[in-house]
Amino acid sequence: MKLWNVLAIIGILLFTQAGLADSPPVSTATQECLDCHGVFHPGIVGDWEKSRHGRTTPDEAMKIAGLSNKISATQIPNELKSHAVGCAECHTANPKTHKDTFEHNGYTVHVVVTPQDCATCHPTETKEYAGNLMANAYHNLASNEFYRALEKSITGTPDVQDSSLSIAAPTAHTKAETCYFCHGTPIEVTGMETRETDAGKLKFPLLSGWPNQGVGRINPDGSKGSCTACHTRHRFSMEMARKPHTCMGCHTGPDVPSYKVYSASKHGNIYASHEKEWDFNAVPWTVGKDFSAPSCATCHISLVVNTDGEPIAKRTHTMNDRLPWRIFGLIYAHPHPIDPDTSRIRNKDGLQLPTGFDGEIAAEYLIDKATQMKRQQTLQAICLSCHDSSWVSAHWSRFEHSIAQTNAVTKTATGIMQHIWKEGFATGPGKGGSPFDEAIENKWSDSWLFYANTVRFSAAMGGGGDYSVFANGYYQLSATLREMRDWYAFRKSWRESQAAQRAIPPALNRNASPAWNGSAR
Amino acid sequence: MKLWNVLAIIGILLFTQAGLADSPPVSTATQECLDCHGVFHPGIVGDWEKSRHGRTTPDEAMKIAGLSNKISATQIPNELKSHAVGCAECHTANPKTHKDTFEHNGYTVHVVVTPQDCATCHPTETKEYAGNLMANAYHNLASNEFYRALEKSITGTPDVQDSSLSIAAPTAHTKAETCYFCHGTPIEVTGMETRETDAGKLKFPLLSGWPNQGVGRINPDGSKGSCTACHTRHRFSMEMARKPHTCMGCHTGPDVPSYKVYSASKHGNIYASHEKEWDFNAVPWTVGKDFSAPSCATCHISLVVNTDGEPIAKRTHTMNDRLPWRIFGLIYAHPHPIDPDTSRIRNKDGLQLPTGFDGEIAAEYLIDKATQMKRQQTLQAICLSCHDSSWVSAHWSRFEHSIAQTNAVTKTATGIMQHIWKEGFATGPGKGGSPFDEAIENKWSDSWLFYANTVRFSAAMGGGGDYSVFANGYYQLSATLREMRDWYAFRKSWRESQAAQRAIPPALNRNASPAWNGSAR
Amino acid sequence: MKLWNVLAIIGILLFTQAGLADSPPVSTATQECLDCHGVFHPGIVGDWEKSRHGRTTPDEAMKIAGLSNKISATQIPNELKSHAVGCAECHTANPKTHKDTFEHNGYTVHVVVTPQDCATCHPTETKEYAGNLMANAYHNLASNEFYRALEKSITGTPDVQDSSLSIAAPTAHTKAETCYFCHGTPIEVTGMETRETDAGKLKFPLLSGWPNQGVGRINPDGSKGSCTACHTRHRFSMEMARKPHTCMGCHTGPDVPSYKVYSASKHGNIYASHEKEWDFNAVPWTVGKDFSAPSCATCHISLVVNTDGEPIAKRTHTMNDRLPWRIFGLIYAHPHPIDPDTSRIRNKDGLQLPTGFDGEIAAEYLIDKATQMKRQQTLQAICLSCHDSSWVSAHWSRFEHSIAQTNAVTKTATGIMQHIWKEGFATGPGKGGSPFDEAIENKWSDSWLFYANTVRFSAAMGGGGDYSVFANGYYQLSATLREMRDWYAFRKSWRESQAAQRAIPPALNRNASPAWNGSAR
């Protein structure tokens, strides 16, 4: 018996090691990288070795035809074809366009690998991604006055004097750690420095805005975005990009509580309970075989097929293609923008907002009903893999009702805010003030940025009970509305009382102080 | 050597495929379903194929005797016995009692499979579940005036005029997306419609209140609840129902933060760290062998045995059987209701509440000490599988102390609220007002609905530090109490000042405005 | 073919059972324990059987030399060497120093196994742990007047009278369930009791402060802390201690939101997506081979080596060794304390705080720049396994900038609070009041305890966007500042108005009430 056991065990071990044994050759340049960095940076080298880049060659990848193909280039430079996609292949690509290129042990290396570099093998994905709101995430925030006012009110340095609270512009470091951590910032070469390293003295470029994993970072070669924001270096794993934790990095909430809502949904529940049985690396991705409930990527990005291998949804890295609505309300939910550069949008009042303060959409900048319908159908095709059409259309009706309902409540809250501004209890944009830098204004921003948004995400993903009600849902939305009205009504009453007091002849009212105008400025 | 490897690998593959090879025959009707729906709805068909329903027959299931038995029926119609429990077996059962039955390709099919359908094989579970608070979740909310006032204050459509904030009744869609998403709503057949499908024109019933996965939904056959709320269709997995993510769907918090508290508890920590080694499909479920820390189901539902196979806890789908206390305080924690229909409860003031506003319990509607003790012992038997009796009884003492302590703080908060109502700073139920529709009233509801509840759940499950203190625990509870008192004291002082001002002879006080009564109505 | 399959399967089964077959002998005493407790407490016995303690002997463990060694003792009593580390080995160790020792079926057993008991085999770890803030967690809270004032304001029993809100001291049970749940309390023997058990009448010691898993509990043998707080009994698993869920038990947030921030970081994302492939039991722990992203333990405790087996970080159970800063600000972030007994610290005003209210550090009690630099280098060595030095140093600059920035905002908030105290709108420590027992003071404590802290944890761990901004980050920090100023400005204005009213000759102002001083006391 013992012999058979040993043989069986050997069989098992050989079987599980099989993949590793198949590792392709690496280029001379990459081998030189690995010789040092394998010791200096074992974490990233270990990850790369397990990656598809480390386990196959472009030549092999290009042989895979049809829906299983994972490499959209039809032509790849010969010198890259027959070895693994290693350190040098990416970090020495396109040296001339990279301002961060430097001489490193005889190679022209750059620090920041960009979508333009990835495009050597993945041109379709690169192009698609560039048409995406996320690729423009830096510019869309930094070039929008309204958003910048919000940013300043949050991350600016406050200075309180007895009778005023002023806010200085946020520091570069604070920006990099906060809004632009996800949005990305420009990465610029500010000089060179010589550093003592384990391999002796070496010169490296100095980069500002680095580290940077922002989805819309501006790269040293001028390209936008970072593929590794989702396909985390140096594993570049499809599995990881398909798992919801990846999206969660930026969509934690309470502004965009996607992951939380997903976790509490039936889809998230099925994922949490059964994902260990699923195949997150299959291309195409077969519903009912490779997985049985969607993750974020399933609905928004992935190529999904049925068990006959027929496409249910085409792969897209322009996530907009499957998004009829923008439910992240700033201030209101609205049809998706046409142009991924949203800084061009102007509402009827000239603000860089897709709606007016009254909710009227800036229609010329937003997709029309027909485009919405087309995107809705693309998205619903995926729902229909598990649900019948009555389920799907009823779900969608409720979702759109939730958009309308939360927009209506937002309009009510905005109405109160506008009364407050009009009456001078706070200084709003109409009088040149920021709409976000007073206590009562933050109640207003809470109402749509957190609560109305959470209700919508919950409606979109079947997040159900708590995220629609008690966990930043309607409970908090309606309570905030009441708080705003309570504050407003009291301030009004207080002012009237002050006026009455002032009306008492000064001779009698000896200590009267000048009325305080109720503004928090 | 190579031959042995190949053989070993073949062995492994055959071994892991073994289950699939054993798939039982399906009925002709089910085969017809699968022929189309396998392509149209690969997700659910794939799940069903992996399910116990798809992998065994009632006949085989009935042969399993004793504690491993998973099918409580002693008699099953002959025509169901010898093939898999497939699409047709459930979706054509009891056609006459189903108002949603329709003709579909020669079969009388219904859309909504109900506990009454499941009772064909699982009568004990169905009966037990019906005796449960959850089965009555629709009625218990919809027929309770007090709860409905809370619901309206949250999900009603607000309308603000300068001096009033009124609330219109919630829309049907909003209800379905919020409170009733978990509680369930009635599902009604409102007509028939013809739809263009991949298989040509077909007629389907139109259902209101659909989709619906609420635990207390009212089904088209009059039955209550949904087995698939926990045993998610179409895998109907015991594993999933036993994993805590399933309960989390409805018990996310902050009102019932069960999952969060569990995650931070030692039990949750052991689960998160080691659950991959556990067997979530074993029946009975052996502590120390199949699992080493409880999930929600372990304590509240499952059949648990020791390593000698002796029962520690009997399976129950009447979760009440293991619940001495209702710690979800509306307003106070209290002994569990006797009747799962809680709308019949009246407190001493005639409100549909299990306690008075002063905390006095409506004793005749709640279980007595002896019943509490019996349930406590049932629950503690499970604790005693890992903990000695001194640990268990000390834990329980602390838990009951936390109930008393949080009830005391709730009484203090309610006392402040009652002063506010009495003084007319808000309009409470005593004067015909809603207790929930003013800003200050929401502070009060925060105090018990979120904070006192969270402390209790934390005490119950050893959720420890943060959920008892900083994460919606005593910190927020005591701070809210202070906020309420601060508001009250100031409003009182303000009113006195107003009165003093009015007392100044009108001739002098020329601009005096009518006093504003401080109410947020 | 069939024979080979059977043989292969047998091989597999024997292979997976191999470890169990190797179980070492157990002592006679332990066998006696197992005979009863195996039935009575199958959960903990099952866990122990799977544990390293149950699967090896000290003799075998001591044979493992070098970095793989898991047992720091160089000498172990002969009678313990050649059998498993079972029930009796730990629960009968050092009987004389244990006040909880009692006679149990012929053995002198104690209930609470302590670090002093673990030191038999793990003396280095025990000694290291004792030099840790966590080992002193009971004393550091209970002997600090400032912290106790915070504790009382949170967990004390409130009593509201019409014009005052007083707080009684927290009950022992409440303390055990709240702050001291994590910090630990003293465990004392208060007597003996006879209990009816499944094995007849038996006598047991009565323990106060039990159950107790606090990291700084005071044990019946006088030692401090609990190894099982992280190496949860009775698996005592390295895997569990290395997984982030374990730390989460106490570091849930919002005060110390380590786990949440980690989950949203790239490290947490890689962990969540790929941890199933990692080896959490390897000693030493090889980056790039056993794991590819750090968990809490990696950076703060574990022995980490590169793929050449060279140490990157030495194991330490004095977590301070890798902590240059204390970013859990009470009130400000500051260099780490020198002495793990922080109750000895006095700021310039004599308060037991590491900084003044103005942020000035109590330098003599805190580590100096050189020590900070040394610890920083220890920590950064781990970062450098995956990141280049420019990445690491830029990350660190931003982190230290976040410390400075959040300290600056905290100073602004504290400045407002001090104005409020000075003006008498609340009663602060300067006038003998608690700084935490009024509504406005809780806004102030929110600002640093939750929001400034969250920003710092996010900066430390790359938690990025939301935890720095919208999820208890700068958004809430700046909004709270504005709320505080709004409250202050209004109260001031209100007092001036009251004064003006009082100035009206009493003959005219007939109903004037005594001014309410605006304090919430």
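Each remark here, short or long, concerns the structure printed above.
As a starting point, this report considers the structure included with it. (Residues numbered from 1 in each chain as written. Chains lettered and ligands numbered in written order. Predicted model: local features only at pLDDT ≥ 70, side-chain atom pairs only at ≥ 80, totals over all residues. Heavy atoms only, no water.)

## Points about the sheet that holds strand β7 (residues 285-286) of chain C
Residues and elements named next belong to chain C.
No. 1: The three strands lie next to each other as β7-β8-β9, forming an open sheet whose pairing is mixed. The open sheet is flanked by β7 and β9 (311-313), the only strands paired with a single partner.
No. 2: Summarising the sheet, β7 and strand β8 (residues 304-305) pair through two bridges and their orientation is parallel. For Trp 285, the partnering residue across the bridge sits in β8 and is Val 304. (Pairing = 2+ DSSP bridges. Helix = DSSP H or I, 4+ residues; strand = E, 2+ residues; numbered from the N terminus.)

## Description of the relation of the copies chain B and chain C
No. 1: Note on the copies: chain B fits chain C at an RMSD of 0.0 Å, the axial shift is 0.0 Å, and the rotation between them is 120 degrees. Such values leave the two copies arranged in the relation of a three-fold axis.
No. 2: By residue overlap, the copies meet through two different surfaces: only 10% of the interface positions of chain B are interface positions in chain C. (Least-squares fit on C-alpha atoms with pLDDT ≥ 70 in both. Contact = heavy atoms within 4.5 Å.)

## So, the relation of the copies chain A and chain B
Copy one and copy two of the chain differ by a rotation about a common axis and a shift along it.
No. 1: The transformation that overlays chain A on chain B combines an axial shift of 0.0 Å with a rotation of 120 degrees, and the residual RMSD is 0.0 Å.
No. 2: Of all interface residues in chain A, a mere 10% are interface residues in chain B too; the two copies therefore contact each other through different surfaces.

## Let's talk about the sheet that holds strand β9 (residues 311-313) of chain B
Residues and elements named next belong to chain B.
No. 1: Strand order in the open sheet formed by three strands is β7-β8-β9, and the pairing between neighbours is mixed. A strand with exactly one partner marks an edge of an open sheet, and here the two such strands are β7 (285-286) and β9.
No. 2: As judged from the two bridges shared by strand β8 (residues 304-305) and β9, these two strands associate in the antiparallel manner. Looking across to β9, one finds that Val 305 is bridged to Pro 311.

## Section: the interface of chain B and chain C
No. 1: The interface of chain B with chain C comprises 81 residues on the first partner and 89 residues on the second.
No. 2: Taken together, both faces of the contact between chain B and chain C bury some 7200 Å²; the carbon and sulfur share is 59%.
No. 3: A per-residue breakdown of the area chain B buries against chain C is headed by Arg 398, Arg 482 and Arg 485 of chain B, which together make up 12% of the total.
No. 4: The interface formed by chain B and chain C contains three salt bridges.
No. 5: Considering every element that reaches the side of chain B that touches chain C, the biggest residue donor is helix α23 (residues 474-503) of chain B, with 22 residues. (Buried area = accessible area lost by both parts, 1.4 Å probe. Salt bridge = Lys/Arg side-chain N within 4 Å of Asp/Glu carboxyl O.)

## Thoughts on the pattern of salt bridges
No. 1: In the structure shown here, the tally under the stated rule is 48 salt bridges over all chains.
No. 2: Measuring nitrogen to oxygen at the nearest pair gives 3.5 Å for the salt bridge that ties Glu 483 of chain C to Lys 443 of chain C. Taken together, the positions of Glu 483 of chain C in helix α23 (residues 474-503) and Lys 443 of chain C in helix α21 (residues 439-461) put the pair 40 residues apart, joining distant regions of the chain.
No. 3: Taken together, the shared-partner salt bridges in this structure form one network comprising Glu 239, Lys 243 and Glu 275 of chain A together with Lys 276 of chain C.

## Quick word on the packing of aromatic side chains
No. 1: Inspection of every chain in the model, using the stated rule, returns 78 aromatic pairs over all chains.
No. 2: Ring geometry for Phe 450 of chain A against Tyr 475 of chain C: centres 4.9 Å apart, planes inclined by 70 degrees, an arrangement best described as edge-to-face. Taken together, the residues Phe 450 of chain A in helix α21 (residues 439-461) and Tyr 475 of chain C in helix α23 connect one chain to another.
No. 3: What makes Tyr 475 of chain C buried here is its relative accessible area of 2%.
No. 4: Taken together, the aromatic side chains of Phe 146, Phe 357, Trp 421, Phe 436, Trp 444 and Trp 448 of chain A make up a single cluster linked through ring pairs.
No. 5: One residue, Lys 243 of chain B, lies across the ring of Phe 280 of chain B, its end atom 5.0 Å from the ring centre.
No. 6: When the ring centre of Phe 204 of chain C is taken as origin, the NZ or CZ atom of Arg 195 of chain C, which lies over that ring, is 4.2 Å away. (Phe/Tyr/Trp six-rings, centres within 6.5 Å; stacked < 30°, edge-to-face > 60°. Buried < 20%, exposed > 50% of the residue type's maximum accessible area, 1.4 Å probe, protein only. Lys NZ or Arg CZ within 6 Å of the ring centre and 35° of its normal.)

Worth remembering: the numbers are spatial, not functional.
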